[in-house]
Amino acid sequence: MREIDVSVVTQTVKELCIKANRVLPQDMCECIKRGAAAEKSPVGKSVFDDILDNLKAAEQETLPICQDTGMAVIFMDIGQDVHFVGGDLEEAVNAGVSAGYTDGLLRKSVVSDPLERVNTGDNTPAVLHIRIVAGESVKIVCAPKGFGSENMSQLKMMTPSVTREEIVDYVVNVCAQAGSNPCPPIVIGVGIGGDFEKCAYLAKKALCRPVSQRNPKPLYAELEQQILDKINKLGIGPQGFGGTQTCLAVNIEQAPTHIAGLPVSVNVGCHVTRHAEAEI
Ligand code: SF4
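Procedures and definitions
Residues numbered from 1 in each chain as written. Predicted model: local features only at pLDDT ≥ 70, side-chain atom pairs only at ≥ 80, totals over all residues. Heavy atoms only, no water. Axes fitted to C-alpha atoms, helices over the stretch in contact; angles between N-to-C directions. Helix = DSSP H or I, 4+ residues; strand = E, 2+ residues; numbered from the N terminus. Parallel < 35°, antiparallel > 145°, perpendicular 65-115°, else oblique. Left-handed = near helix turned anticlockwise from the far one by under 90°. Contact = heavy atoms within 4.5 Å. Nonpolar A, V, L, I, M, F, W, Y, C, P; charged D, E, K, R; others polar. Salt bridge = Lys/Arg side-chain N within 4 Å of Asp/Glu carboxyl O. Buried < 20%, exposed > 50% of the residue type's maximum accessible area, 1.4 Å probe, protein only. Phe/Tyr/Trp six-rings, centres within 6.5 Å; stacked < 30°, edge-to-face > 60°. Lys NZ or Arg CZ within 6 Å of the ring centre and 35° of its normal. Disulfide = S-S within 2.5 Å.

Undergrad: Any chance you could explain the packing of helix H1 (residues 6-22) against helix H4 (residues 89-103) here in plain terms?
TA: Running from amino to carboxyl end, H1 crosses H4 at an angle of 40 degrees, the nearest separation of the two axes being 7 Å. On the basis of their axis angle, the class for H1 and H4 is oblique. The element H1 and its partner H4 pack so that their crossing is right-handed. Touching Val6, Val9, Thr10, Val13, Lys14, Cys17, Ile18 and Asn21 of H1 are Leu89, Ala92, Val93, Ala95, Gly96, Val97, Ala99, Gly100, Tyr101 and Asp103, all from H4. Grouping the amino acids of the contact of H1 with H4 by side-chain chemistry returns 12 nonpolar, 4 polar and 2 charged.

See the structure below:
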């Protein structure tokens, strides 16, 4: 049994919140550059140039990439041979979010109650997903989620009689409805299977997968490509000014489901689809 003091968790979460908001993953930057090269519209190309300038400025000036620094979504894969000491784990995670958003001068966007709407003042609490895995280490992924894109996300409880074409059309239609709201070029996380809440979780997880990495099952990799091609025919373009590069990548995650169901969820990510990870 390995003991980990929760102060290490707090420090790690703090650093990840700051890093994720200032520096995009390398593969996401490369994907944006490829999108810029492929964009046919001159206005769309100039939007890509602005996006790339903004990424450089954020890193050099240690500023957030976007003013919406998001709600902190934290995924923790905890080895079953780990024993946390020194305090409560969830409190430690939230202390890390609080410190990261305060010391990193990141916008605090969380309200304590959805109807009363009073800002908590430190961007807590985080949305925390915990999974127990084999081993004695802990993997932490921090994925700050802006709500311009989150608000455009949808879930549908389909039935097994649905065709693949209908699944593709549903996902593409979610993107058509979203239009310029999620700050395109977008990244789309799709969850297929599970039950209602697992399906939404899968779509969020999918947004944390490298955009250059296709689903290992050819069936789903083909679906990813098919959806991507169709979204890019919508003509929404970078920031909605028209163009050929509306979507940079489609990532699908699938899971076993019930014989009577086929849930499909679409988590829309913007051009600032951020995440940073660490292992302790
Ligand atoms: S959708 Fe993304 S790019 Fe647009 S404001 Fe929100 S975080 Fe920023």
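Undergrad: Looking at this structure, I do not really get the packing of helix H2 (residues 26-38) against helix H3 (residues 42-60). What am I missing?
TA: Axes are the key here: two packed helices are described by the angle between their axes and the distance separating the axes. Close contact between H2 and H3 brings their axes to 9 Å; oriented N to C, the two are set at 155 degrees. The orientation of H2 with respect to H3, classified from their angle, is roughly antiparallel. When you trace H2 past H3, the crossing you get is left-handed. Here H2 contributes Cys29, Ile32, Lys33, Gly35, Ala36 and Ala37 to the contact with H3, which in turn contributes Lys45, Phe48, Ile51, Leu52 and Leu55. Class assignment of the residues belonging to the contact of H2 with H3 gives a composition of 8 nonpolar, 1 polar and 2 charged.

Undergrad: It is not clear to me how the pattern of salt bridges should be interpreted in this structure. Could you clarify?
TA: A side chain of one charge can pair with a side chain of the opposite charge if their charged atoms are brought near each other. Under the criterion given, the structure shown has 11 salt bridges. Glu150 is the partner of Lys204 in a salt bridge, and the nearest nitrogen-oxygen pair spans 2.7 Å. A residue pair is termed long-range when its members are at least 10 positions apart, and Lys204 in helix H7 (residues 196-207) and Glu150 in helix H5 (residues 147-150) qualify at 54 residues. The shortest N-O distance in the salt bridge between Lys230 and Glu165 comes to 4.0 Å. Placement of the pair is Lys230 in helix H8 (residues 218-232) and Glu165 in helix H6 (residues 164-178), with a sequence separation of 65 residues. Overall, the relative accessible area of 39% leaves Glu165 in the partly exposed class. When salt bridges that share partners are traced, they join Arg209, Arg214, Glu224 and Glu253 into one network.

Undergrad: I tried to follow the packing of aromatic side chains on my own but got confused; where do I start?
TA: Aromatic ring pairs are described here by two measures, namely the spacing of the ring centres and the angle between the planes. Tallying each qualifying case throughout the model produces 1 aromatic pair. Across from the ring centre of Phe75, 4.9 Å away, lies the NZ or CZ of Lys205, which sits over that ring.

Undergrad: Hey, could you run me through the state of the cysteines in this one?
TA: One covalent bond between the sulfur atoms of two cysteine residues makes up a disulfide. Scanning the entire structure with this criterion turns up 0 disulfides. Sulfur of Cys17: no disulfide; nearest cysteine sulfur belongs to Cys142 and is 3.8 Å away. Exposure remark for Cys17: the relative accessible area of 0% places this residue in the buried category. The thiol of Cys31 is not disulfide-bonded; the next cysteine sulfur, from Cys247, is found 8.6 Å away.

Honestly, it's all geometry; don't read function into it.
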